[in-house]
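Observations on the three-dimensional arrangement
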Amino acid sequence: MISSLDRSRIFVLLLLAALALLPIVATIGGEEFYIGQFRRILIFAIAAISLDLILGYGGMVSLGHAAFLGAGAYVVAILVHHASEETRFLGFIPGTFEPLIAWPAAMLVSAALAFFIGLVSLRTSGVYFIMITLAFAQMVYYVFVSWRAYGGDDGLRFRGGDTLAGFIDLGNDVVFYYVVFAVLLGVLYLGQRLVKSRFGRVIEGCRENERRMRALGFPTYRYKLTAFTLAGAVAGLAGALFATQESYISPSIMHWTRSGDLIIMVILGGMGTLYGPLVGAVVFMLMEKFLPDYTQHWQIVFGPILVLIVLFARRGVFGWLLPARPGGGGHG
Amino acid sequence: MPLLLFLEQTLNGLQFGVTLFLMAAGLTLVLGIMNMVNLAHGAFYMLGAYFAATLVPITGSFLVSIVLALAGAAAVGLLTEVVALRTLYSRDHLDQVLATFGLILFFRELVKILWGPIAIFMDVPALFSGRVEIVPGAPYPVYRLVVLAVGVGVGGFLWWLIARTRLGMLIRAGASNREMVGALGIDIKLLYTLVFALGCGLAALAGMMAGPLYVVDIGMGDDILIKTFVVIVIGGIGSVRGAFVAAIIVGMVDTFGRILPSQFGLSATLAEISIYVLMAAVLLWKPRGLFPAAG
């Protein structure tokens, strides 16, 4: 008899194996189109996993996560833009084509942004927290909408920045797919280590009962801020990959409805499971891609489905595989 | 800044402020009393505008259209509450965010099917289409003044409703202690449904009055929703009075945020973010808003 824990482990392994084989199968089948499609999905999965760290494990309902995604994407876009124009950002920061510099820079900027937004937002909780994260994200969104130097509302198109470490050609669909896949595996591995560490336990404790954690002597605010900043950095990395993939970036990537999409991915797959958001991203983005083929108005079906999921199946796809958590698996 | 421009912008700010207030009043009640985050509130703003824009050519009367559109939007609100939202009151905020996000998708697509994706333009009703010189030399659109008057009127009505009527008393009691109100034999479910429908009606009113000033399109509810949240957070969740004060402040800051930078030769880059900076500042000073509701 297979226990439910094994069942979920087998499911994850099968999923990862399928994703690993996808470019090969797609190339043989002559459907290279799917490679780019799934690369996009993996990138959003990374963003969704980073949201799961604070939403699923930390119980922080952030409705502004897309801001970090967008900030990371813009860092890459701006650096490459300046490199090809041979100008400097703000007059002194030179651009670069090298992803090994641009991607970490994107993580750094997103982390800094998350730190400052978290600094204010995490003083509040409940509804206030939801709305403040939303409002801050909207603020970042408008900064880029009105920043004419980088295309403003129309977005910024750029060329280059797709040679990693001087020899890995990200312009090659398959190569870039495996780079993204490797990043995803890295994020999953480190995420797994993180949530099982003492730090992860404290974050989960804050979700279950923050007052008790404080009474136990944990500086919960600092723990939550650290988690929030980390999640921002990983979302920034996803944004950087996204910018490199698209060679184009516009503020629409950080519209607040995008943050809503990310939450949907996390819930759809199963919150607080790390692998769940990956499943959720695959399911959500495949629906977004292929349902319009059947009906142009797929959202009129998807909206009510979302309501039904919330009402009746809130543990998500992954929730069916995992055993019920002690205490009902609820979140705060 | 020239005095006349200043006066004109002040009126614009007030007019935008009362529009925000109409949105915020319903939302803050729903949030304060039922502890319910409703992202779909902007959908009713949009529906109100679409209903009115459709009815005006049919009925030929702006007033009749407004009454019908109000009733229609409130009815849709009522239906939504009974079918989908009622069971969410006891859930946590994340569930509410998700489910009402689903409702947004539904309503947006519904509008797209019924009215098409192209924006509709609504004419200012002929009766209010002129301009009036409040101060000599500064003609101001009558319609905007009407919007301002309606907003202030609704504000007065809400104050009366909440402070002076039995229904208002129950609403306030429900906000403080809903179990107690239920235990005293009040049908709290019905009360919630009524409050929700009232909120939807107010949002629809805001939408249909904004219709002729801006443009009626599918995204119209999204942006104002966020500004409404800012208003509610600044005002203090659950406080209608707070919503009014905050709405006027936000309306002013937003309007002058657009005008002032260009007056001083700065780019308007920071205009859109002024209200968010304001919100962050208020929250650092008073984490529960300017007028924290009791309970």
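Structural notes, computed from the coordinates. (Residues numbered from 1 in each chain as written. Chains lettered and ligands numbered in written order. Predicted model: local features only at pLDDT ≥ 70, side-chain atom pairs only at ≥ 80, totals over all residues. Heavy atoms only, no water.)

1. Some remarks on the overall build of chain B
Of regular secondary structure, chain B possesses 11 helices and 2 strands. In chain B, the succession of α and β elements from N to C terminus is α-α-α-α-β-β-α-α-α-α-α-α-α. A compact globule built from 295 residues would reach a C-alpha radius of gyration of about 19 Å, and chain B, at 19 Å, matches this within 12%. Taking the principal axes of its C-alpha atoms as reference, chain B extends roughly 60 × 50 × 35 Å. (Helix = DSSP H or I, 4+ residues; strand = E, 2+ residues; numbered from the N terminus. Rg over C-alpha atoms; globule rule 2.2 N^0.38 Å.)

2. Points about the interface of chain A and chain B
At the interface, 40 residues of chain A touch 45 residues of chain B. Between chain A and chain B, the buried area comes to about 4,000 Å², and carbon and sulfur atoms account for 79% of it. Ranking the residues of chain A by area buried against chain B places Tyr128, Met131 and Trp256 of chain A at the top, with a combined share of 18%. Taken together, the links from chain A to chain B amount to 0 salt bridges. (Contact = heavy atoms within 4.5 Å. Buried area = accessible area lost by both parts, 1.4 Å probe. Salt bridge = Lys/Arg side-chain N within 4 Å of Asp/Glu carboxyl O.)

3. Thoughts on the pairing of strand β1 (residues 131-135) of chain B
Where β1 of chain B lies against strand β2 (residues 138-141) of chain B, 4 bridges are found, and the strand directions are antiparallel. Within β2 of chain B, the residue paired with Glu133 of chain B across the bridge is Pro139 of chain B. (Pairing = 2+ DSSP bridges.)

4. Things to note about the environment of Leu134 of chain A
Its location among the elements puts Leu134 of chain A in helix α5 (residues 126-146). For Leu134 of chain A, a relative accessible area of 0% puts it in the buried group. Linking Leu134 of chain A and Leu63 of chain A, residues 71 residues apart in sequence, is a C-alpha distance of 5.0 Å. When sequence neighbours within four positions are dropped, the list of residues in contact with Leu134 of chain A reads Leu63, Gly64 and Trp256 of chain A together with Ile226 and Phe229 of chain B. (Buried < 20%, exposed > 50% of the residue type's maximum accessible area, 1.4 Å probe, protein only.)

5. Comments concerning the pattern of salt bridges
Pairs can form between side chains of opposite charge whenever their charged atoms are close. A complete count under the given rule lists 13 salt bridges over all chains for this structure. A salt bridge links Arg39 of chain A to Asp173 of chain A; its shortest N-O distance comes to 3.1 Å. Placement of Arg39 of chain A in helix α2 (residues 33-57) and of Asp173 of chain A in helix α6 (residues 173-196) is noted, with a sequence separation of 134 residues between them. A relative accessible area of 34% places Asp173 of chain A in the partly exposed class. Across the pair Asp254 of chain B and Lys227 of chain B runs a salt bridge, and its minimum N-O distance is 3.6 Å. On the criterion of sequence distance, the pair formed by Asp254 of chain B in helix α10 (residues 240-263) and Lys227 of chain B in helix α9 (residues 220-235) is long-range, its members being 27 residues apart. This pair shows no difference in class: Asp254 of chain B is buried, exactly as Lys227 of chain B is. Each of Arg201, Glu204, Arg207 and Glu208 of chain A takes part in one network of salt bridges that share partners.

6. Structural notes on the side chain of Asp52 of chain A
All names here are of chain A. Along the chain, Asp52 turns up in helix α2. In this structure, Asp52 is buried with no salt-bridge partner, the nearest side chain bearing the opposite charge being Arg207 at 7.5 Å. In this structure, Asp52 is in contact with Tyr57, Val266, Met271, Gly272, Thr273, Leu274 and Pro277, ignoring residues within four places of it in sequence. (Lys, Arg positive; Asp, Glu negative; His and termini not counted.)

7. Focus: the packing of aromatic side chains
Enumeration according to the criterion identifies 29 aromatic pairs over all chains in this entry. A network of ring pairs unites the aromatic residues Tyr74, Phe89, Phe144, Trp147 and Tyr150 of chain A as a single cluster. Here the basic side chain of Lys286 of chain B rests over the ring of Trp285 of chain B, its NZ or CZ set 5.3 Å away from the ring centre. (Phe/Tyr/Trp six-rings, centres within 6.5 Å; stacked < 30°, edge-to-face > 60°. Lys NZ or Arg CZ within 6 Å of the ring centre and 35° of its normal.)

8. Regarding helix α3 (residues 66-85) of chain A
All names here are of chain A. In this model, α3 (20 residues) spans 28 Å end to end at C-alpha, consistent with the 28 Å of a helix rising 1.5 Å per residue. Taken across its 20 residues, α3 has 18 buried, putting it largely inside the fold. Two residues or fewer after α3 comes Glu86, characterised by a positive phi angle close to 55°. (Expected span 1.5 Å × (residues − 1).)

9. Examining a nonpolar patch on the surface
Residues and elements named next belong to chain B. A surface patch of nonpolar side chains, about 560 Å² in accessible area, is lined by Leu3, Leu4, Phe6, Leu7, Val132, Ile134 and Val135. Broken down by secondary-structure element, the contributors of at least two residues to the nonpolar patch are α1 (3-34) and β1. Top contributing element to the nonpolar patch by residue count: α1, with 4 residues. Tracing the backbone through its elements, the reader meets Val132 in strand β1. Accessibility expressed as a relative area gives 33% for Val132, which makes it partly exposed. (Patch = residues over 30% accessible without salt bridge, like charges linked within 9 Å, V, L, I, M, F, W, Y side chains within 5 Å. Areas by Shrake-Rupley, 256 points an atom, 1.4 Å probe, with all protein chains shown as cover.)

10. With respect to the packing of α3 of chain A against helix α8 (residues 220-246) of chain A
Residue and element names in this part refer to chain A. Interaxial distance between α3 and α8 falls to 6 Å at its minimum, and their mutual angle equals 50°. Our classification of the angle between α3 and α8 gives oblique. Handedness of the crossing formed by α3 with α8: right-handed. Seen from α3, the contacting residues are Phe68, Leu69, Gly72, Ala73 and Val76; seen from α8, they are Phe228, Gly232, Ala235, Gly236, Ala238, Gly239, Ala240, Ala243 and Thr244. Looking at the contact of α3 with α8 residue by residue, the classes come out as 9 nonpolar, 5 polar and no charged. (Axes fitted to C-alpha atoms, helices over the stretch in contact; angles between N-to-C directions. Parallel < 35°, antiparallel > 145°, perpendicular 65-115°, else oblique. Left-handed = near helix turned anticlockwise from the far one by under 90°. Nonpolar A, V, L, I, M, F, W, Y, C, P; charged D, E, K, R; others polar.)

11. Describing the nonpolar core
By size, the foremost hydrophobic cluster in this structure holds 223 residues, and its most contacted members are Ile46, Trp103, Leu184, Phe228 and Ile249 of chain A together with Met34 and Leu39 of chain B. When neighbours within four sequence positions are excluded, Ile46 of chain A is seen to be in contact with Val180, Val183, Leu184, Val187, Val234, Ala238 and Leu241 of chain A. (Core = buried A, V, L, I, M, F, W, Y, C linked by side-chain atoms within 4.5 Å.)

12. A closer look at the packing of helix α2 (residues 41-59) of chain B against helix α8 (residues 188-210) of chain B
Residue and element names in this part refer to chain B. Where α2 meets α8, the axes come as close as 7 Å, and the angle between the chain directions of the two elements is 55°. The angle between α2 and α8 falls in the class oblique. Our pair here, α2 against α8, has a crossing hand that is right-handed. Note on element contacts: α8 touches α2 through Phe196, Gly199, Cys200, Ala203, Ala204, Ala206, Gly207, Met208 and Ala210, opposite His41, Phe44, Tyr45, Gly48, Ala49 and Ala52. Tallied by class, residues from the contact of α2 with α8 come to 11 nonpolar, 4 polar and no charged.

13. Side note on helix α9 (residues 256-269) of chain A
Residue and element names in this part refer to chain A. In a regular helix each residue adds 1.5 Å, so 14 residues correspond to 20 Å; α9 covers 21 Å between its end C-alpha atoms and thus fits that length. In terms of burial, α9 is largely enclosed, as 13 of its 14 residues are buried. Residue Gly270 follows α9 closely and has a positive phi angle near 130°.

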